[in-house]
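Survey of secondary and tertiary structure
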Amino acid sequence: VLFGAACITIEREAINDLNVFPVPDGDTGTNMGMTIGAARTELLNLPDDCTVEKAAQVTASAMLRGARGNSGVILSLLFRGISKHLKGMDEADGVLLAAAMKEGVATAYSAVMKPAEGTVLTVSRLAADRAVQAAEECNSVEYVLQEAIHKGLETLEETIEMNPVLKKAGVVDAGGKGYLVILDGMLRALRGEAIPEVTEEKAESKADFSSMSQEEITFTFDTVFIVRRIDDRSIERAYLDTIGDSIVIGEDDEAFKVHVHTDIPGCALTEAQKYGTLELAKIENMRTQYEAVAAGKKAQSTDDLDAVEEELERMESEPAVAPAEKRYGFLAVCAGEGLATAFRDLGVDRIVSGGQTMNPSTEAILQEVNRTPSEVVFILPNNKNIIMAAEQSIPLCEDKTVVVVPTKTIPQGITAMLNFDPEGEVSD
């Protein structure tokens, strides 16, 4: 499990780049990686001679509580079923592992309200079927996993034809890919390989997010929460079906975890509190995540909140209006840290995040104009849809002279910086 967690962390971004179903929000690799990663600390604290039952139980419990997103919850359920089948076992052979994988698939399918073909469910089901056949051929854990992975990879390639959304985007299923990456890591561990160092790998293939549209997102909020039980009941699936879709419910003896896409997350949380104590909730806007991915940016999630709070604290500590330390200063609008770094290297003082489909407001531009440490601030909008908003900041800025250079593209903005003459006049 530790090896599998390292492997999916390495391939996280490559898997994110495949994520178009059920919603094109580019976070499947992150969600699956953080879900199995939740078991890491607890597993490291177990003694080396612990039973397979204990290791599986600890893994399943930690993954249920750490599950993120639709793919993460399903992954936790696959391991939950494996854990149930290994109960009472000190060790496991190939036959027992294959049967446990089948139990994992059954657990996952029972929790998903409307299972779709061409997803991690399909990949895991056919991989488990092959595992059972392989166990009859050779009762070896390594052989069972090897054959399950081979069948899983064959099925993964077929998912592009099974699911119209995947076919439209030209990619295989992200969740199915993530599951096989984890199984492959487990097999490599059994073969005695050393756990790899965690470094990001580049994607071999990437979904055509431009072929998707916001209209394909039925509900806005990806909502996940955990409730500690007061009895053996859990929230009614029928109720969740009236307010959303992509419903998955995972549970153990102490708690249940819900994943749902909905426009009214508050109603889901209120309803859940009838069955116990709400312990944790995560709500993310899938429409803004899609916009970010479509614009080539990283989709923001609740995992970024610490960084956001640090940035807000930093901004609050900065003066609202920076004193003029020089004659000329520059502000550029661009998307992504790579472009921001390029503009800073060319001498731009302040960056406003934005671009196609993500146009910043006049207020956001004005705020950075005021923080530019110069008498004159040149704004490079780098997009024709941002020029007007930039121009609106001119009469609003009382302490600095603002000049909008009407750049319509990033190359035009770069060209402007390359041609800047610090000895010239404003009009030049």
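A short tour of the structure in this document, coming up. These numbers were taken from a predicted model, which means no experiment stands behind them.

Here is a general trend for soluble globular proteins: nonpolar side chains tend to be buried in one another's company. Of all hydrophobic cores here, the largest spans 57 residues; its most connected members are I36, I74, L75, M101 and Y179. Ranked by residue count, the leading element in this core is helix α7 (residues 94–111), at 8 residues. Those residues within four positions of I36 in sequence are excluded, and the remaining contacts are V1, G4, A5, I8, M63, L75, F79 and I182.

Before going further, it helps to examine the packing of α7 against helix α9 (residues 141–162). Between two packed helices, both the angle of their axes relative to each other and the distance between the axes serve to describe the pair. Contact geometry of α7 with α9 gives a least axis separation of 8 Å together with a crossing angle of 35°. As for the relative orientation of α7 and α9, their crossing is right-handed in sense. Here G94, L97, A98 and M101 of α7 lie close against α9, whose contacting residues are V141, V144, L145 and A148. Its residues placed into classes, the contact of α7 with α9 shows 7 nonpolar, 1 polar and no charged.

Time to look at the environment of K177. Position of K177 relative to the elements: it lies in helix α11 (residues 174–190). Residue classification places K177 among the partly exposed positions, given a relative accessible area of 27%. Separated by 21 residues in sequence, K177 and L156 place their C-alpha atoms 6.9 Å apart. Residues contacting K177, with those up to four places away along its chain left out, are E11, I15, L18 and L156.

Judged by how many residues are buried, strand β7 (residues 374–380) sits mostly within the fold: 6 of 7 residues are covered. Examined bridge by bridge, strand β5 (residues 326–334) and β7 share 6 bridges and lie parallel to one another. Note on β7: the bridge partner recorded for G329 is V377. Bridge count between β7 and strand β8 (residues 401–404): 4 bridges; the pairing is parallel. The residue of β8 that forms the bridge with V377 is V402.

Bringing the pairing of strand β6 (residues 350–353) into the picture now. Sheet analysis places β5 next to β6, joined by 4 bridges and oriented parallel. When the sheet's bridge partners are listed, L331 is paired in β6 with R350. With helix α16 (residues 337–345) bridging β5 and its parallel neighbour β6, the resulting β-α-β unit is right-handed.

Another point: helix α8 (residues 120–137). The terminal C-alpha atoms of α8, which comprises 18 residues, lie 25 Å apart, in line with the 26 Å expected from a rise of 1.5 Å per residue. All of the buried residues along α8 are V120, L121, T122, V123, S124, A127, A128, R130, A131, A134 and A135. Packing partners of the buried residues in α8 comprise α6 (69–85), α7, α9 and α11.

It is worth spelling out the packing of aromatic side chains at this point. Inspection of every chain in the model, using the stated rule, returns 4 aromatic pairs. Their ring planes at 55° and their centres at 5.5 Å tell us that Y328 and F378 sit as a pair that is tilted. Of this pair, Y328 sits in strand β5 while F378 sits in strand β7; the two residues are 50 residues apart in sequence, bridging distant segments of the chain. The two residues Y328 and F378 agree in class, both being buried. What links up through ring pairs into an aromatic cluster is the set Y328, F330, F378 and F420.

Rules of the game
Residues numbered from 1 in each chain as written. Predicted model: local features only at pLDDT ≥ 70, side-chain atom pairs only at ≥ 80, totals over all residues. Heavy atoms only, no water. Core = buried A, V, L, I, M, F, W, Y, C linked by side-chain atoms within 4.5 Å. Buried < 20%, exposed > 50% of the residue type's maximum accessible area, 1.4 Å probe, protein only. Helix = DSSP H or I, 4+ residues; strand = E, 2+ residues; numbered from the N terminus. Contact = heavy atoms within 4.5 Å. Axes fitted to C-alpha atoms, helices over the stretch in contact; angles between N-to-C directions. Left-handed = near helix turned anticlockwise from the far one by under 90°. Nonpolar A, V, L, I, M, F, W, Y, C, P; charged D, E, K, R; others polar. Pairing = 2+ DSSP bridges. Right-handed = clockwise from strand over helix to strand, strands pointing away. Expected span 1.5 Å × (residues − 1). Phe/Tyr/Trp six-rings, centres within 6.5 Å; stacked < 30°, edge-to-face > 60°.

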